[in-house]
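Take a look at the letters that make up each chain.
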Amino acid sequence: MPTILVAGKIHPAGLDILHNAPDFNVLLVPEVSVESYAPYIAEADALLIRTQPLTAKEIAAGKKLRVVSRHGVGYDSVDVEALTARQIPLTIVGNVNSQSVAEHTLAMLLSLAKRLCYFDNSIRVGEWNRRNSFSAVEVAGRTLFILGFGRIGREVARLAQSFRMQVIAYDPFLPDNVFAESGVTRIAAIDDGLQQADAITVHLPLSGDQAIIGAAELALMQPHAILINTARGGIVDEAALAKALQNNALGGAGLDVLQQEPPALSSALLAQRDKLILSPHSAGLTQEAAMRMSVSAASNIVNYFNGQLDSDLVVNKPVLALNQLMSQLP
């Protein structure tokens, strides 16, 4: 009877799938940390993991491990090479949180444009007359630059267009018709989009350790521009962003993801309050998305053992072919 180790609390809908599947033993460790699940990894045939790291050390300790299912779409914290070396497939969830992340992106953009946090604080400190600053702006007619035009980027475009924004987007991996069908102007170079935009939102994966939006890129933006990152921590150079906000070289920023999570309270970025909105990597954590993520992550494990795993949800696809070949050997 395979043991499924669930590392971190997930929505009950996902747990129901695991408990109701025949011939599985489910072990739940609610705390989201390496220290909490590591003592049990040796018992696990399958691991359902949230955002905590899965390094080569834990993978080596999981002698019985046959499949790992990420409770999300990103896998920066997982050592994929170590899994592949053991012929262990890593699965991710499908299109389950695009709507939630897109809505969160628009919420941050609108909050910054309308200066909601600034005005809320003005009332609490007795400065009612901040209303006469006329510092809020309308988004209608302004240009939104979307970096990364996958499912989330396209949904952000659709929502922004409902506010009558002009949308331009960058994604080198998509054909022209994807942009045309969305009524979006394609941008060939990131620098060109940054210079044109009144607002920028990032939906690209982090590649290596190099920030996509660093000091040079921030300098290209218009002084009133708003920057949103709901993708991955490290995509934006936080020290450069803090400096730009401090020097009024940027209109505002909204970050759902940070390079260090949770951040150090002494961070220079956290000192920027007037034009910065932060959320704790929660853009995709609505009740609806949490349910869909848990169902997808749990189903991936059950489907693996039943021989019905969707290859589109496997990160290291080559292991599937090898596993199939090994299963056919006498």
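Described below are features of the structure shown in this document. Bear in mind that the values here come from a model prediction, so they are computed numbers and not experimental data.

**Quick look at empty space enclosed by the protein**
Summed over all chains, the structure comprises 1 cavity of 30 Å³ or more. In this model, the largest cavity occupies a volume close to 100 Å³. Lining the largest cavity are 14 residues, and of these S111, L112, R115, D274 and K275 sit closest to its centre. Counting only elements with at least two residues in the lining of the largest cavity, the list comes to α5 (98-113), α6 (116-124) and β12 (276-278). Of all the elements, α6 adds the most residues to the lining of the largest cavity, at 3 residues. Across the lining of the largest cavity, the residue classes break down as 7 nonpolar, 3 polar and 4 charged.

**A few points about the side chain of S122**
Note on placement: S122 falls in helix α6. If sequence neighbours within four positions are ignored, S122 has contacts with E127, W128 and R130.

**Description of the nonpolar core**
F145, I213, L227 and L241 are the most contacted members of the largest nonpolar core, which has 31 residues in total. Broken down by secondary-structure element, the contributors of at least two residues to this core are β6 (143-147), β7 (166-170), α9 (190-196), β9 (199-202), α11 (238-246) and β11 (252-255). Take this core: its biggest share by element is 5 residues, from α11. Contacts of L241, omitting those with residues within four sequence positions, involve L218, L227, V236, L250, A253, L255 and L269. Of all hydrophobic cores here, the second largest spans 24 residues; its members include A102, V139, M165 and V167.

**Considering the pattern of salt bridges**
Tallied over the entire structure, the rule returns 8 salt bridges. For D198, the salt bridge goes to R142, with nearest N and O atoms at 3.9 Å. With D198 in the loop between α9 and β9 and R142 in the loop between α6 and β6, the pair connects residues that are 56 residues apart, well separated along the chain. Given the relative accessible area of 15%, D198 is considered buried.

**Description of the sheet that holds strand β4 (residues 67-70)**
With parallel pairing, the 5 strands of this open sheet are ordered in space as β2-β1-β3-β4-β5. Where the open sheet ends on each side, the last strands, each with one partner, are β2 (25-29) and β5 (90-91). In this structure, strand β3 (residues 46-49) lies alongside β4, joined through 4 bridges in parallel fashion. Looking across to β4, one finds that L48 is bridged to S69.

**Details of the packing of aromatic side chains**
One pass over the full model with this rule turns up 4 aromatic pairs. Taking the centre distance of 5.1 Å and the plane angle of 10 degrees together, the rings of F149 and F179 count as stacked. With a gap of 30 residues between them, F149 in the loop between β6 and α7 (151-162) and F179 in helix α8 (residues 176-181) connect regions that are remote in the sequence. On the accessibility criterion, F149 (0% relative accessible area) is buried. Judged by centre distance (5.1 Å) and plane angle (85 degrees), the ring pair of Y304 and F305 falls under edge-to-face. Neither residue differs from the other here; Y304 and F305 are each classed as buried. For R115, the ring lying beneath its charged end belongs to Y118, and the centroid distance is 3.9 Å.

**Concerning the packing of α5 against α7**
Between α5 and α7, the shortest axis-to-axis distance is 9 Å and the interhelical angle comes to 50 degrees. Looking at the two axes, α5 sits oblique to α7. Where α5 crosses over α7, the handedness of that crossing is right-handed. Contacts between α5 and α7 involve S98, Q99, V101, A102, E103, T105 and L106 from the former and R151, I152, E155, V156, R158, L159 and A160 from the latter. For the contact of α5 with α7, the per-class residue count stands at 7 nonpolar, 3 polar and 4 charged.

**A few points about the packing of helix α1 (residues 12-20) against helix α12 (residues 287-305)**
Where α1 contacts α12, the two axes come as close as 7 Å, and the packing angle between them is 20 degrees. The angle between α1 and α12 falls in the class roughly parallel. Relative to α12, α1 is oriented so that their crossing is right-handed. Contact residues: α1 offers A13, G14, I17 and L18, while α12 offers M291, S294, V295, A298, S299 and V302. Here the contact of α1 with α12 is built from residues that sort into 7 nonpolar, 3 polar and no charged.

**Quick word on the sheet that holds β12**
Judged by pairing direction, the sheet is parallel, and its 7 strands sit side by side in the order β8-β7-β6-β9-β10-β11-β12 without closing on themselves. Only two strands of the sheet have a single partner each, and these edge strands are β8 (185-186) and β12. In this sheet, β12 lies alongside β11 in parallel orientation, the contact comprising 3 bridges. Of the residues in β12, the one forming a bridge with G254 is I277. Contacting β6, β9, β10 (226-229), β11 and β12, α5 runs over the sheet at an angle of about 155 degrees to β10.

Calculation rules
Residues numbered from 1 in each chain as written. Predicted model: local features only at pLDDT ≥ 70, side-chain atom pairs only at ≥ 80, totals over all residues. Heavy atoms only, no water. 1 Å grid on protein atoms, 1.4 Å probe; cavity = no way out; pocket = protein on both sides within 12 Å on 5 of 7 lines; lining within 4 Å. Points joined across faces, edges and corners; volume = space filled by probe spheres on them. Helix = DSSP H or I, 4+ residues; strand = E, 2+ residues; numbered from the N terminus. Nonpolar A, V, L, I, M, F, W, Y, C, P; charged D, E, K, R; others polar. Contact = heavy atoms within 4.5 Å. Core = buried A, V, L, I, M, F, W, Y, C linked by side-chain atoms within 4.5 Å. Buried < 20%, exposed > 50% of the residue type's maximum accessible area, 1.4 Å probe, protein only. Salt bridge = Lys/Arg side-chain N within 4 Å of Asp/Glu carboxyl O. Pairing = 2+ DSSP bridges. Phe/Tyr/Trp six-rings, centres within 6.5 Å; stacked < 30°, edge-to-face > 60°. Lys NZ or Arg CZ within 6 Å of the ring centre and 35° of its normal. Axes fitted to C-alpha atoms, helices over the stretch in contact; angles between N-to-C directions. Parallel < 35°, antiparallel > 145°, perpendicular 65-115°, else oblique. Left-handed = near helix turned anticlockwise from the far one by under 90°.

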